[in-house]
Amino acid sequence: MNANQRSITRRAATALVTTGTCGTLLLSLLTAPDAAARGHGTSSAAARTATGESTGEAGRSAGGRHPCAAARTRCDGEIRVPLDWGDPASERITVAFAWLPRKDTSRPASGTVLANPGGPLPALPAVPSLAEGLGPVLDRHNLLVVEPRGLGKSAPLLCPGLDLVVRETVKACAARLGPRTRFFTADQAVTDMDAVRDALGVPKVTFYGISYGTLFAQAYATRHPGSLSGVLLDSIMPTGEDGYVAERIRKRADLLDVACDPSRACRRLPGDPSDAFSKLVRRLRAHPDPEIRLSSLARLPDFLFIPVAGREGGAAVAAYLDGDPLPLRRLVRMVDGAPSQPLRAAELAGLLSYVCADTTFPFERAAPADERRRRLDRHYDGERPFRPFTVAELGGPPAGTQDFCVDWPTPRTSPPVPPGAGHPRVPVLALGGDFDSTTPAEAAAVTRRFPDSTFSRVRFAGHNLTTGAQVNECVRGATRAFLSDPAAFDGEPRCDEANYRALGSFPRTVAQVPPARGTTLDAEERRILAAAFATATDATARRNPLRSPFWLPATQEGLRGGRLTFDDRAGTVRLRDVRFVGDLTVNGEVRLGSGATARLTVTGDGGSHALELSWKAFLAEDDTAVSGTFAGRGFTATVPAH
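Next up on the list: the packing of helix H10 (residues 273-286) against helix H12 (residues 307-321). At their nearest, the axes of H10 and H12 sit 9 Å apart, and the two run at 45° to each other. Classified by the angle between their axes, H10 and H12 sit oblique to one another. For the pair H10 and H12, the crossing hand works out as left-handed. Packed against H10, whose contacting residues are Pro-273, Ala-276, Phe-277, Lys-279, Leu-280, Arg-283 and Leu-284, the element H12 presents Gly-314, Val-317, Tyr-320 and Leu-321 at the interface. Considered class by class, the residues forming the contact of H10 with H12 number eight nonpolar, one polar and two charged.

Let's shift gears to the side chain of Asp-194. Residue placement: Asp-194 occurs in helix H6 (residues 186-199). Given the relative accessible area of 9%, Asp-194 is considered buried. When near neighbours in sequence (up to four residues on either side) are disregarded, Asp-194 contacts Tyr-220, His-224 and Ser-227.

Right, let's get into the sheet that holds strand E12 (residues 572-578). In any sheet, the strands associate via hydrogen bonds between backbone groups, in a parallel or an antiparallel arrangement. With antiparallel pairing, the eight strands of this open sheet are ordered in space as E10-E11-E12-E13-E14-E15-E16-E17. Unpaired on one side and paired on the other, strand E10 (555-557) and strand E17 (633-640) mark the two borders of the sheet. The mean angle between the axes of side-by-side strands here comes to 20°, regardless of whether they run parallel or antiparallel. Pairing of strand E11 (residues 563-567) with E12 involves five bridges; the strand directions are antiparallel. The residue bridging Thr-565 from the neighbouring strand is Arg-574, located in E12. In the packing of helix H19 (residues 523-540) onto the sheet, the strands contacted are E11, E12, strand E13 (584-592), strand E14 (596-604), strand E15 (607-615), strand E16 (623-630) and E17, and the crossing angle to E15 comes to about 60°.

In terms of burial, strand E3 (residues 92-100) is a largely internal element, eight of the nine residues being buried. Inspection of the sheet shows strand E2 (residues 75-82) paired to E3 by eight bridges, in the antiparallel sense. Residue pairing across strands places Val-81 opposite Ile-93, the latter belonging to E3. In this structure, E3 lies alongside strand E5 (residues 141-146), joined through four bridges in antiparallel fashion. Note on E5: the bridge partner recorded for Ala-98 is Val-145.

This part is about the pairing of strand E4 (residues 111-116). The buried fraction of E4 amounts to six of the six residues, a majority that puts the element mostly inside the structure. Side chains Gly-111, Val-113 and Ala-115 of E4 all project onto a buried face; the interleaved residues Thr-112, Leu-114 and Asn-116 project onto the opposite face, where all are buried too. Two elements, E4 and E5, share five bridges in a ladder whose sense is parallel. Its bridge partner being in E5, Leu-114 is matched across the sheet by Leu-144. Note that E4 and strand E6 (residues 205-210) share four bridges and pair parallel. Each bridged residue has a counterpart across the sheet, and for Asn-116 the counterpart in E6 is Gly-209.

Covalently bonding the sulfur atom of one cysteine to the sulfur atom of another cysteine gives a disulfide. Applying the stated criterion to the full structure yields five disulfides. Residue Cys-68 pairs covalently with Cys-75 via a disulfide, S to S 2.0 Å. Disulfide Cys-68-Cys-75: torsion about the S-S bond near -65°, hence left-handed. Neither Cys-68 nor Cys-75 differs from the other in exposure class; each is buried. The side chain of Cys-260 participates in a disulfide bridge whose partner is Cys-266; the two sulfur atoms lie 2.1 Å from each other. On the sign convention where negative means left-handed, the S-S torsion of about -120° between Cys-260 and Cys-266 marks this disulfide as left-handed. Each member of the pair, Cys-260 together with Cys-266, is buried. In the protein, numbering the disulfide-bonded cysteines from first to last in sequence yields the connectivity 1-2, 3-4, 5-6, 7-8, 9-10.

Here the focus is the confidence of the model for the protein. On average, residues of the protein carry a pLDDT of 89, and 90% of them reach 70 or more. Below pLDDT 50 for its whole length, residues 1-48 participates in 115 contacts with residues either more than four positions away or in separate chains. Confidence drops under pLDDT 50 across residues 53-63; counting only partners more than four residues distant or on other chains, this segment forms 26 contacts.

In total, this model carries 13 aromatic pairs according to the counting rule given. Note on Phe-435 and Phe-460: the rings are 5.3 Å apart at their centroids and 70° apart in plane angle, and the pair reads as edge-to-face. With Phe-435 in the loop between strand E8 (428-433) and helix H17 (440-447) and Phe-460 in the loop between strand E9 (453-458) and helix H18 (473-484), this residue pair connects regions lying 25 residues apart in the sequence. Phe-460 shares its class with Phe-435; the two are buried.

What counts, and at which threshold
Residues numbered from 1 in each chain as written. Predicted model: local features only at pLDDT ≥ 70, side-chain atom pairs only at ≥ 80, totals over all residues. Heavy atoms only, no water. Axes fitted to C-alpha atoms, helices over the stretch in contact; angles between N-to-C directions. Helix = DSSP H or I, 4+ residues; strand = E, 2+ residues; numbered from the N terminus. Parallel < 35°, antiparallel > 145°, perpendicular 65-115°, else oblique. Left-handed = near helix turned anticlockwise from the far one by under 90°. Contact = heavy atoms within 4.5 Å. Nonpolar A, V, L, I, M, F, W, Y, C, P; charged D, E, K, R; others polar. Buried < 20%, exposed > 50% of the residue type's maximum accessible area, 1.4 Å probe, protein only. Pairing = 2+ DSSP bridges. Disulfide = S-S within 2.5 Å. pLDDT = per-residue confidence, 0-100. Phe/Tyr/Trp six-rings, centres within 6.5 Å; stacked < 30°, edge-to-face > 60°.

This is the structure in structure tokens:
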């Protein structure tokens, strides 16, 4: 895999993730091998390894501080902790961590960032990407990453043959591991983290949590408030009044409305796109389309954080209802081609232990497995959480954590956040995206539990905003500024990841394309120009630099015919007999760089014309300024959205 392909893979893997648990698993598996190749201070292979025995509730290592406390470069260590922190005499397990001292050792550290990248998955493979994201923060700050118990190098829970969607393997895994699993939970893991902090002699930490890491952050803040100097929450896992994760079971067709709302062209569509989506499901239920299975269509809302899907989703639904199935069929093929989330691995036992014990489900925690299954099925039938789809239309079990956990016993009361616990008055910054599985309103409500908190909605962002290859510069700046000095951070970051406007239609002929304006070209030429430009931007939308579906092949079909060939290394898109509208054929090449240029030959009822176009691509604007030549004549024009 070349460097450019790795970049695309990282970008797309980050984009693909919109949910908190198993979605993040895919991100980790796709990005970890490349991320592990990067280091901080010293390479992972050369990093020091040290051990210490944690004793007592405070967790200080026997004989003083842990050896890593004196390290001047990365030190990988471990401590021994009780399996049950409520019983000091219980079995001891090993918890691993990575300690990255500040780079500027000429002065005392300004603070320590305790980071967890989420999952819940092994945290240590994410150390390089976390360090890269923090950048200059680590000049004066230490970074501490503790591997949560049950995962990776920390007393891992393993079940060969475990498949989350096969109930028998989940039952067998629970029987294999026995009652010990009831202590592999967030409430115990954050006490491990505090024990490592104490063993290193760190007085306070700023907790930086991503996705499931925000649950660890909430648990840490309420269970160890005296160890905290600040909290950064990226993509919140919401907790309820009972202290458990309160992640809602649902399909978010409303995200079609979110994508549509800023767009003038999309707002012209009759009604709300989410209502049209429900109408479409009813249409396909009554009149099945062999190219659009309902189970595939049900996945479309999960992909709306990818710009090409957000840009086209509402208009594609409207086009289908108006008798034009091609745009929606193309989107559904994209969804069908996405890689499946890995749900079979021995290591997933650790994930099961956390999500099943830390989350509230539509069944009683103490209920036997068969009763859990019955109550969950009754919830599906009565509440219709996947509306407008039925469970049967999803193509089988929903394959969410609620189904995985039916057969996983959770006998211990273990709320991550103690019910009724106060939240410390420390600086808190929370970031949430429009297209996350948790809505901005839900994330803001969790954030307000902290007395000194700021929530920032990042428009058009998805899940995991602060790490990956394509972090928004506004988000990166706010993250670094807050972690550098939480007490001095002031104001609400107003970050925006929108770099497109949703379409309002898919015109079928040149005559249906809104003509270009502000140019001396005649009426027919202005429509041809606008249709040619629409053809070019339809092609380039598949290579949006924010997030693009990396799994699509380098050669694809045009919407109504022809072939598109993408050369990501050269930044070019070649068009061969491409028809975006049925009566105009386009050949040529588009180049993407700091801007976009195109050299095209267009052929239709009005003859053949040579066009050269230049514009700023990937802007969140209703109209686009385009300049160039039409049959050798120079022009400047404004092309309206369609």
